[in-house]
Amino acid sequence: MVRNKQIESRIRNGDKVVIYIWDYLYGPCMILKTIFDRVSKTNKGDVNMYSINVDDSKNLINNYNVRSIPKVLIFNKGKLVNSKVGMVGENKLKNLLNF
């Protein structure tokens, strides 16, 4: 499991970071998790992709005011540049990664 400090360090370093926040108990989260995992496996490495369960990362959830899930947070050059709440199809997710 990736720790919050590792993710925050990558964000501070200005890396491209995508965080998917989800929960086991919510069906749409599990569907999007499958899509996110598939896209992250085909990612060429220019984007750091993390899948985080809401129960495993309360500090991160609070730091970015996550109130609804599923949620995708996109960071570039140390700043939150985009976010998406709700279901995202595979093509839409890939488009979100082009930043």
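Let us look at the structure shown here. Small disclaimer: the values here were computed from a predicted structure and weren't measured. (Residues numbered from 1 in each chain as written. Predicted model: local features only at pLDDT ≥ 70, side-chain atom pairs only at ≥ 80, totals over all residues. Heavy atoms only, no water.)

**Observations regarding the layout of surface pockets**
Now for step 1: Quantified by volume, the second largest pocket comes out at close to 210 Å³.
Now for step 2: What lines the second largest pocket is simply Lys16, Val39, Thr42, Asn43, Lys44, Asp46, Val47, Lys94, Leu97 and Asn98.
Now for step 3: Residue classes in the lining of the second largest pocket are distributed as 3 nonpolar, 3 polar and 4 charged. (1 Å grid on protein atoms, 1.4 Å probe; cavity = no way out; pocket = protein on both sides within 12 Å on 5 of 7 lines; lining within 4 Å. Points joined across faces, edges and corners; volume = space filled by probe spheres on them. Nonpolar A, V, L, I, M, F, W, Y, C, P; charged D, E, K, R; others polar.)

**Description of the side chain of lysine 71**
Now for step 1: Locating lysine 71 in the fold gives a position in strand 3 (residues 71-76).
Now for step 2: Of the buried charged residues, lysine 71 lacks a salt bridge, with glutamate 8 as the closest side chain of opposite charge at 13 Å.
Now for step 3: Discounting chain neighbours no more than four positions away, the residues touching lysine 71 are Ile19, Tyr20, Ile21, Asn65, Val66, Ser83, Lys84 and Val85. (Helix = DSSP H or I, 4+ residues; strand = E, 2+ residues; numbered from the N terminus. Buried < 20%, exposed > 50% of the residue type's maximum accessible area, 1.4 Å probe, protein only. Lys, Arg positive; Asp, Glu negative; His and termini not counted. Salt bridge = Lys/Arg side-chain N within 4 Å of Asp/Glu carboxyl O. Contact = heavy atoms within 4.5 Å.)

**Thoughts on the nonpolar core**
Now for step 1: If you look at the biggest cluster of nonpolar residues, it comprises 16 residues, and the most contacted ones within it are Val18, Tyr20, Met49, Val72 and Leu93.
Now for step 2: Contributing elements (two or more residues each) for this core: strand 1 (17-22), helix 2 (27-42), strand 3 and helix 4 (90-96).
Now for step 3: Considering each element in turn, this core owes the most residues, 5 residues, to helix 2.
Now for step 4: With sequence-adjacent residues up to four places away left out, tyrosine 20 is seen in contact with Pro28, Cys29, Leu32, Lys33, Phe36, Tyr50, Ser51, Ile52, Pro70, Lys71 and Val72.
Now for step 5: Of all hydrophobic cores here, the second largest spans 14 residues; its members include Tyr50, Ile61, Tyr64 and Leu73. (Core = buried A, V, L, I, M, F, W, Y, C linked by side-chain atoms within 4.5 Å.)

**So, helix 1 (residues 4-12)**
Now for step 1: When helix 1 is considered as a whole, its buried residues turn out to be Ile7, Glu8 and Ile11. Buried residues of helix 1, viewed axially, fall in a sector of 95°; they line one side. Along helix 1, exposed side chains directed more than 90 degrees from the buried face belong to Lys5 and Arg12.
Now for step 2: The inward-facing, buried residues of helix 1 abut strand 1, strand 2 (48-53), helix 3 (58-63) and strand 3.
Now for step 3: With its phi angle positive at about 85°, glycine 14 sits one or two positions after the end of helix 1. (Arc of directions from axis to C-beta.)

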